[in-house]
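Chain by chain, the residues run as shown.
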Amino acid sequence: MDLAQDTKRHIDLIADDTLSQFEKVAAVAQSALRAGSVLGTASLASVNTMTSNSAIQKLDQISQANRESYQILAHEPAIARVVVADEDGEQRTYYICRTMPISGVSNLASYRAPVGRLASLPIGSEFSLPNGRIVEVLERAQLHPSQADRGWDSRNTVVEGDHFGPITVESLRAFLSKVAGAEITEDLLEQLLAEESETANVIEGVRRSVITKMGLRDQPVLDQYQDEIFRLPLDKRLLILGPPGTGKTTTLIRRLGQKLDTAFLDEDEQRTVESVGTTNGSAHTNSWLMFTPTELLKQYLKEAFAREGVPASDLRIRTWFDYRRELARNTFGVLRTATGGGSYVLKDAVEILIAAAIDNPIPWFTDFNEWQRSTFINEIRQAAQGLSENSASNISTLGQRLLAIIQRAGSGSLSATFSSLAAEVAGIQTLVAGMKEITDKKIHGALNLQLNRNKTFIDELAKFIDGLQQAPDAEADELDDQDGDEEEANIPRTGRAAAASAYMQAARAQARSQASKRSIGKNTRNGKVIEWLGDRGLGEADRAEVGASLLVQASARRFVNPVKRFVDGIPRRYRAFRRLRQEEGQWYRKEGFSPTDLHPLELDVILLGILRAANDLLSKPNIVRDVDAPVWSSLRPVFDLYKNQILVDEATDFSPVQIACMAALSHPRIRSFFACGDFNQRLTTWGSRSVDQMKWVFPEIEVKEITVSYRQSRQLNELAQALIQAAGGTGQGATLPEYVDSDGVAPALLEGASDPAAVVDWLAQRIREIERFVGQLPSIAIFVESEAEVQPIADALNAALADENTQVVACPKGQVMGQDNDVRVFDVEHIKGLEFEAVFFIGIDRLASLHPQLFDKYLYVGTTRAATYLGVTCDDALPSAISTLRPMFVADWVAP
């Protein structure tokens, strides 16, 4: 591009000033690192021996943050240059950096700071500085620092002002050299070559970068709409929607980076996070959790966070698949473990749910949650009623008081009911303890009688119990579940102690059964032990007396810790709910699964029931204050899960119930929740389908839409829009950024390619064409419809491209394999969130027949992973749903 002389001189000034600034910032940062001008814990402690440990720890964290900032500045001194003018016409130049600025450079500001927004504003925008002065943006340059032997440079710098641009300067250092060496020469050839080099170094508009490595694109400076979103207050509930390539995930990452740095929180936010940290003992910088649908995307998110200086361990970025199982096994005891735990076994492929449950998760959960709450209230009401009718006056008086408390509450908040019941706990414990001592004495007496008759009795029973330990999936004892046995917390599992414990449990169960006139299932553990004992248990008269006492104890015990019984009893109540609705033909299949089987979506429902039950109580400040008191201590496991920030990437892949579980982890005093996604990219049958479903999670959630796509060429963007229209998807079409040369090539299509050899040959030809056009091998991905095809395609294509020394790598189960310039082969299931310069989609008509419900989503997501080149093959022909799009494709990319 030929520049006017005044513009050329101005760009020269910008280049000179920018590279000088790079050198200055990097030198100061390197000097600080060499001098070790960041204090460590030891030196801090020596400064003031009276300094508290927490203060020393906080100062040490600041010191570490400064060290990390210096390291970033030493390699990336600035990401933008902005010139502004105030109302008096006085101009000022700001350099914006990705991290904290360093002292000694007056015009350097962090992008996270309020003034950092200048880098995102278009020319002519007005901005109010923190001091209240209004300035107008006159010039801005997006910088990409790089250091070589010749010194600092900025590659592909986008410069624009009120009288020129935008233009892309490939190299600021090369531009300076050309201007400095612009003397008259008699060598005409040398002059022509110099002019050509100078022209090639400056491009009108914004150059689209080629994607050379697999991962998430680095976008140091957001556009003005993304920038506005990431700066919203900490306590917002936000949903960001937008087509592929619009920077949703980048905005999420940038927001988290800013909100973790307390220096950029306002005073109220700082006080809140400090107070919350004091209560739960967790530093704000560690109090966040992000959910993503796949392991592959998780790994690239960690890299993207690292670029922002945000440490992101596996404890911070989680897949819901893993986190859900961890909660169910280790925190809430829903799932069975080797040491006991819950009664359920999680099975991904078990067929339990009918389509109505999968397609309508909100009514399904609501049905269960309302039923289980009502059932709990009815259970404690009936228990209180039974106590009030007891012949013993002390028991009946207690029952009447309990009944009055429950009836006062009605269908209102359970927190008031639990608070009132807490006053009765001491008396109830004394009553139960006295009655239990008597019943235990009678059962111990019966056991000793058997030992006196047969010294080997306990060993014989132990052997029988060991056999039961190994028996598969015995039915749960419903009688024990419903009446709440007082079995010891640490029941021995083997040996004589286990046999004695089993005898006591079975004797209690048999006595209760007789008193309540309810039978015990023969396949339950107690049923099997009772059958083995025969007449070696309690006598008839003792059974009646003990049974009557146990029923009173069971009713009273419901009030010893009602909060724990309410929350911890949700998995048990779910089993009863499922059995009831199964009989009614709602939500569940009639048969084909065990009572202990649990589908993952069912586990979501149970977990949300637990989390919301606890959250309703923990929303009360007085309960949070006394969370370690005995009456509320069962809420502590949920309280310890709370995070100051919850973030969800690719939110539409998660069901509303799953998202509600994630949202329930946000600290109730902050309620910071940020999700992003695209309904057209939903790749799960249970994924969220509408904004209304998201508003069920948070009615007040703010929905922001961003539509400028920075990834795709014009041709591929048009194809993506056509795919949405053909599939009847939602609108929200992507627009391309201004001043960017978005022209590319039409997508390529191969039909009638049922022969794998023909497909591989076609792929090899297209990959060779891409390398010739680009001048190097960019990031290329090949998507196949099943895991079984990944390795065979990789092997065959490797052989086909052997002469070009191109390596093709299989990525089984979405694992990242190979080097940046390798061609990678993936199962289409693992493609969310990634981007490549070129994508090939193999056998899409086969995919349509295998996944008819999600075919259009897979195709849309697959095609939008490509920035410039897209190739599609069909065993037969394009599926009928998109056959009208055939004119948009070409056979190859060979120039005519």
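All values reported here derive from a predicted model rather than from experimental measurement.

Structural notes on the overall build of the chain
- Across its full length, the chain holds 32 helices and 25 strands.
- Judged by the C-alpha coordinates and their principal axes, the chain covers about 125 × 75 × 50 Å.
- Taking all 896 residues of the chain together, the buried fraction comes to 52%.
- The contacts in the chain between residues at least 6 apart in sequence include a share of 73% that link residues at least 24 apart.
- Within the structure as shown, the chain displays about 39,000 Å² of accessible surface, and the carbon and sulfur contribution to it stands at 50%.
- For the chain, the centre of its 95 positive side-chain charges and the centre of its 120 negative side-chain charges are spaced 10 Å apart.

As for the packing of helix α12 (residues 361–388) against helix α13 (residues 393–409)
- For the pair α12 and α13, the least separation of the axes is 6 Å and the interaxial angle reads 150°. As the angle between them shows, α12 and α13 are arranged roughly antiparallel. Once α12 is placed against α13, the crossing between them reads as left-handed. Counting all contacts with α12, which are made through I377, I380, R381, A384, Q385, L387 and S388, the residues of α13 involved are I395, S396, G399, Q400, L402, L403 and I406.
- Across the contact of α12 with α13, the residue classes break down as eight nonpolar, five polar and one charged.

Some remarks on the nonpolar core
- Residues W364, F559, Y574 and L635 are the most contacted members of the largest nonpolar core, which totals 92 residues.
- For F559, the contacting residues outside a window of four places in its chain are I380, A383, A384, L387, L402, I406, L421, V425 and I428.
- Membership of the second largest hydrophobic core comes to 59 residues, among which are L256, C676, I706 and I724.

Here's the deal with the sheet that holds strand β10 (residues 237–241)
- Ordered in space as β12-β11-β17-β18-β10-β19, the six strands form an open sheet in which the pairing is parallel. Pairing within the sheet leaves two strands with one partner each, and these edge strands are β12 (317–319) and β19 (702–705). Averaged over all neighbouring strand pairs, the angle between strand axes comes to 20°, with direction disregarded.
- Bridge count for strand β17 (residues 645–648) against strand β18 (residues 672–677) is four bridges, and the pairing is parallel. Across the sheet, V648 pairs through a bridge with A675, a residue of β18.

A word on a negative patch on the surface
- Taken together, the side chains of E87, E126, E136 and D162 present a region of like negative charge at the surface.
- On the secondary structure map, E136 appears in strand β5 (residues 134–142).

Quick word on the packing of aromatic side chains
- Per the counting criterion, the structure on display carries 29 aromatic pairs.
- Relative to F305, the ring of W288 lies with its centre 5.3 Å away and its plane at 45°, an arrangement referred to as tilted. Remark: F305 occurs in helix α9 (residues 295–307) and W288 occurs in strand β11 (residues 288–292); sequence separation between them is 17 residues.
- Grouping aromatic residues by their ring pairs yields a cluster made of W364, F368, W371, Y574, F577 and Y588.
- Just above the ring of Y94 sits the side chain of R92; from NZ or CZ to the centre is 4.8 Å.
- We note R612 situated over the ring of W696; from NZ or CZ to the ring centre the distance is 4.5 Å.

Re the side chain of T806
- Locating T806 in the fold gives a position in the loop between α30 (790–800) and β22 (808–810).
- In contact with T806, not counting residues within four places along its chain, are E771, L777, N798, L801 and V823.

Section: helix α29 (residues 756–774)
- A rise of 1.5 Å per residue sets the reference length of α29, with its 19 residues, at 27 Å; its end C-alpha atoms lie 27 Å apart and thus fit the reference within 8%.
- All buried positions along α29 are accounted for by V759, V760, W762, L763, A764, R766, I767, E769 and I770.
- Contact partners of the buried residues in α29: β20 (748–750), β21 (780–784), α30, β23 (823–827), β24 (836–841) and β25 (866–873).
- One or two steps after α29, the chain reaches G775, where phi turns positive at roughly 95°.

A word on the sheet that holds β21
- In space, the six strands of this open sheet follow the order β20-β25-β24-β21-β23-β22, with parallel pairing throughout. Of all the strands in the sheet, the pair left with one neighbour each is β20 and β22. The sheet shows a mean angle of 20° between the axes of neighbouring strands, taken without regard to direction.
- Summarising the sheet, β24 and β25 pair through five bridges and their orientation is parallel.

Looking at the confidence of the model for the chain
- Put simply, the chain has an average pLDDT of 88, and 91% of its residues get 70 or more.
- Taken element by element, the predicted model of the chain shows its lowest mean pLDDT in helix α2 (residues 41–47) (45) and its highest in helix α26 (residues 656–663) (98).
- Confidence over residues 39–47 falls short of pLDDT 50; this stretch has 11 contacts with residues more than four positions distant or in other chains.

Some remarks on the pattern of salt bridges
- Taken as a whole and judged by the stated rule, the model has 54 salt bridges.
- Between E540 and R543 there is a salt bridge whose closest N-O contact spans 2.7 Å. Of the two residues, E540 and R543 both sit in helix α20 (residues 540–557), three residues apart, roughly one turn of that helix.
- Between R714 and E718 there is a salt bridge, with the nearest N and O atoms lying 3.3 Å from each other. Separated by four residues within a single helix, R714 and E718 lie in helix α28 (residues 714–727), roughly one turn from each other.
- Given the relative accessible area of 33%, R714 is considered partly exposed.

A few points about the packing of helix α18 (residues 495–516) against helix α19 (residues 525–533)
- Two elements in contact, α18 and α19, have axes whose closest approach is 9 Å; the angle formed by their N-to-C orientations is 95°. Taken together, the axis directions place α18 and α19 in an arrangement best described as roughly perpendicular. Of α19, the residues touching α18 (which contributes A502, Y503, Q505, A506, A509 and Q510) are R525, N526, V529, I530 and L533.
- By residue class, the composition of the contact of α18 with α19 is seven nonpolar, three polar and one charged.

Structural notes on unusual backbone geometry
- With phi around 60°, K517 is a residue other than glycine that occupies positive phi space.
- Within the secondary structure, K517 sits in the loop between α18 and α19.
- On the accessibility criterion, K517 (75% relative accessible area) is exposed.
- Phi at E650 takes a positive value of approximately 50°, unusual for a residue other than glycine.
- As for its position among the elements, E650 is in the loop between β17 and α26.
- Its relative accessible area of 6% is what places E650 among the buried residues.

As for helix α8 (residues 267–280)
- Between its terminal C-alpha atoms α8 stretches 20 Å, which fits the 20 Å expected from 14 residues at 1.5 Å a residue.
- All of the buried residues in α8 are E269, V273, V276 and G277. The buried residues of α8 all sit within an arc of 100° when viewed along its axis, so they share a single face. Set apart from the buried face of α8 by more than 90 degrees, the exposed residues are E267, D268, E274 and T278.
- The backbone nitrogen of D268 lies 3.1 Å from a side-chain oxygen of the residue at the head of α8, namely D266.
- With its phi angle positive at about 70°, G281 sits one or two positions after the end of α8.

A look at the pairing of strand β2 (residues 91–97)
- Across six bridges, the pairing between strand β1 (residues 80–86) and β2 is antiparallel. Within β2, the position partnered with V84 by the bridge is R92.
- Between β1 and the antiparallel strand that follows it, β2, lie four residues; G89 among them carries a positive phi value of about 85°.
- Note that β2 and strand β3 (residues 108–110) share three bridges and pair parallel. Residue pairing in the sheet places C97 in a bridge with S110 of β3.

Procedures and definitions
Residues numbered from 1 in each chain as written. Predicted model: local features only at pLDDT ≥ 70, side-chain atom pairs only at ≥ 80, totals over all residues. Heavy atoms only, no water. Helix = DSSP H or I, 4+ residues; strand = E, 2+ residues; numbered from the N terminus. Buried < 20%, exposed > 50% of the residue type's maximum accessible area, 1.4 Å probe, protein only. Contact = heavy atoms within 4.5 Å. Areas by Shrake-Rupley, 256 points an atom, 1.4 Å probe, with all protein chains shown as cover. Lys, Arg positive; Asp, Glu negative; His and termini not counted. Charge placed at Lys NZ, Arg CZ, Asp CG, Glu CD. Axes fitted to C-alpha atoms, helices over the stretch in contact; angles between N-to-C directions. Parallel < 35°, antiparallel > 145°, perpendicular 65-115°, else oblique. Left-handed = near helix turned anticlockwise from the far one by under 90°. Nonpolar A, V, L, I, M, F, W, Y, C, P; charged D, E, K, R; others polar. Core = buried A, V, L, I, M, F, W, Y, C linked by side-chain atoms within 4.5 Å. Pairing = 2+ DSSP bridges. Patch = residues over 30% accessible without salt bridge, like charges linked within 9 Å, V, L, I, M, F, W, Y side chains within 5 Å. Salt bridge = Lys/Arg side-chain N within 4 Å of Asp/Glu carboxyl O. Phe/Tyr/Trp six-rings, centres within 6.5 Å; stacked < 30°, edge-to-face > 60°. Lys NZ or Arg CZ within 6 Å of the ring centre and 35° of its normal. Expected span 1.5 Å × (residues − 1). pLDDT = per-residue confidence, 0-100. Arc of directions from axis to C-beta. Polar contact = N/O pair within 3.5 Å; in protein donor to acceptor, adjacent residues only side chain to side chain.

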